[in-house]
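In case you want the letters, here they are:
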Amino acid sequence: MGILKDCINKKKTSSIPIWFMRQAGRYLPEFRDIRSKNTNFIELCLNAKLSKEITLQPLKRFSFDAAIIFSDILLIPYALGQNLEFKKNFGPVLGDLNIERILNLSDNEIYQKLNPVYELIKNTSEDKTLTNKDLIGFVGATWTLLVYMLNKKSPKKTLDPNIYKNPEQDKILKKIIYTQKLHIKKQVENGASIIQIFDSWAGLLETDKFDKYIYQPTKELVDFVKSLGVEVICFPRGIKSYKKYCDIVKPSAISIDYEIDPNKIAEDIDIPIQGGLDPKCLLLDKKDMLKNAQKYLEIFKNHHYIFNLGHGVIPETNPENVKILVDFVKDFR
Ligand code: CP3
């Protein structure tokens with residue numbers, strides 16, 4: 001357990017904890033090397049040996065305080081028997097939903113598919129690279145998973161309104177939540193010390209539907225993670241009111257996107273805050289990158305703040321810039 005956990009528990013830390021969403025990914029040549037030899041992305045996620053190696057790659061290069069497991073939120077639809085493929089330059093493509101089959105799947109059938117993830121977590125949490133550091137497990141939020149399962153690909157700026165009209169939707173929602181809990185529990189049992197919930201498409205939901213699709217299911221998951229004795233970070237990307245979200249959902253920490261005004265967040269929210277910096281800042285020259293980073297550090301100086309980005313690292317990012325930024329944050333104060 002490391003300073004990330006301490007910060008979330010509002011303890012004083014020797015430096016500002018830092019990790020990046022998508023820190024294990026395509027901007028790293030050592031990842032691209034493994035990826036080029038493993039063209040099936042799902043198989044790569046389910047290869048416990050290689051996914052461990054990828055999880056630890058960023059920690060071997062940079063002074064991050066936590067590793068996030070190399071996996072994907074879409075392994076839940078996959079475990080529920082939905083066909084899943086990642087098409088180059090397009091993203092994920094999901095198959096038709098066999099609702100009858102999904103509703104009848106047993107826990108064991110689900111575990112069998114996801115077992116390599118738990119093996120990855122067990123082996124990684126015991127690796128000496130993570131001594132005094134945290135291992136972050138994750139799930140996609142119920143709403144974001146529903147979007148992928150019904151929309152069958154990444155949505156653009158709007159959603160097909162038919163998504164709300166599926167007659168079996170309430171049953172699917174229940175099964176997703178049930179499966180998320182199974183997946184979270186196994187991750188924690190195998191050594192994940194923090195759970196992050198990614199609600200990447202929260203910004204697409206109409207406000208009057210928040211209660212049913214976001215607040216209620218996420219609160220249920222947050223309570224569940226807490227009941228396991230582990231901290232939970234929520235990332236409801238693109239929502240208008242982070243304050244209302246925090247008041248209702250009560251995560252242990254909140255991760256903010258790069259579009260929200262950090263000054264307003266600092267004023268409104270008193271739980272630990274994570275992230276914010278636009279990942280595009282890492283494409284700037286060193287001076288401008290650090291100027292932008294400094295802005296977040298100053299704004300959250302009097303908060304429990306975890307340095308991170310407002311979304312994942314962009315594949316075009318130069319690893320050298322990541323190093324400069326991490327070292328800058330580690331030396332701050
Ligand atoms: O380093 C990490 O953050 C851990 C690994 C991780 C991945 N996906 C690996 C990945 C995490 C935490 C995720 C979460 C995830 N997956 C989210 C939520 C966060 C977000 O980005 O909003 C979402 C929406 C997905 C679904 C997904 N997976 C999409 C839409 C794509 C294709 C788009 C893209 O960025 O390529 C993926 C593929 C994916 N997941 C890659 C990685 C490293 C790229 C795979 C490749 O082509 O090499």
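To be clear, the structure that these remarks concern was listed above.
Conventions and cut-offs
- Residues numbered from 1 in each chain as written.
- Predicted model: local features only at pLDDT ≥ 70, side-chain atom pairs only at ≥ 80, totals over all residues.
- Heavy atoms only, no water.
- Helix = DSSP H or I, 4+ residues; strand = E, 2+ residues; numbered from the N terminus.
- Buried < 20%, exposed > 50% of the residue type's maximum accessible area, 1.4 Å probe, protein only.
- Polar contact = N/O pair within 3.5 Å; in protein donor to acceptor, adjacent residues only side chain to side chain.
- Contact = heavy atoms within 4.5 Å.
- Expected span 1.5 Å × (residues − 1).
- Disulfide = S-S within 2.5 Å.
- Pairing = 2+ DSSP bridges.
- Axes fitted to C-alpha atoms, helices over the stretch in contact; angles between N-to-C directions.
- Right-handed = clockwise from strand over helix to strand, strands pointing away.

Asker: Help me out: how do you make sense of the side chain of Lys330 in this one?
Answerer: Structurally, Lys330 is set in helix α14 (residues 319-331). Residue class for Lys330 comes out buried when judged on its relative accessible area of 18%. A polar side-chain atom of Lys330 sits 2.9 Å from a polar atom in the side chain of Ser15. Setting aside chain neighbours within four positions, we find Lys330 in contact with Ile3, Ser15, Ile16, Pro17, Ile18, Ser63 and Asp65.

Asker: What should I look at first to understand helix α10 (residues 210-227) in this one?
Answerer: Residues three or four positions apart in an α-helix share a direction because the helix packs 3.6 residues into each turn. Taking 1.5 Å per residue as the helical rise, α10 with its 18 residues ought to reach 26 Å, and the 24 Å between its terminal C-alpha atoms agrees with that figure. Buried within α10 we find Phe210, Tyr213, Ile214, Tyr215, Pro217, Thr218, Leu221, Val222, Phe224 and Val225. The secondary structure elements touched by the buried residues of α10 are α8 (142-151), α9 (169-189), β5 (194-199), β6 (231-236) and α11 (242-249). Two residues or fewer after α10 comes Gly229, characterised by a positive phi angle close to 80°.

Asker: What is the right way to read the state of the cysteines from this model?
Answerer: Here is the idea: a disulfide is a covalent bond, and it sits between the sulfur atoms of two cysteines. Taken as a whole and judged by the stated rule, the model has zero disulfides. In this structure Cys246 is a free cysteine whose sulfur lies 8.1 Å from that of Cys234, the closest cysteine sulfur available.

Asker: Honestly, the sheet that holds strand β1 (residues 66-68) in this entry has me stumped. Any pointers?
Answerer: The strands making up a sheet associate through hydrogen bonds between their backbones, and the pairing can be parallel or antiparallel. The parallel open sheet is built from seven strands, whose spatial order is β1-β4-β5-β6-β7-β8-β9. The sheet is open, and its two borders are formed by β1 and β9 (305-306), each paired with just one other strand. The sheet contact formed by β5 and β6 spans six bridges and is parallel. From the neighbouring strand, Phe198 faces β6, where its bridge partner is Phe235. Strands β5 and β6 of the sheet are contacted by α10, whose axis makes an angle of about 160° with β6.

Asker: Help me out: how do you make sense of the pairing of strand β7 (residues 253-256) in this one?
Answerer: When a strand is regular, its side chains alternate between the sheet's two faces. With burial as the criterion, each face of β7 is covered, one bearing Ala253 and Ser255 and the other bearing Ile254 and Ile256. With two bridges joining them, β6 and β7 adopt parallel strand pairing. The residue bridging Ile233 from the neighbouring strand is Ala253, located in β7. A crossover connection joins β6 to the parallel β7 through α11; in handedness this β-α-β unit is right-handed. Here β7 pairs with strand β8 (residues 273-275) via three bridges, running parallel. Along β8, the bridge assignment pairs Ser255 with Gln274. Since β7 and β8 lie parallel, the crossover through helix α12 (residues 262-268) that links them has a hand, and here it is right-handed.

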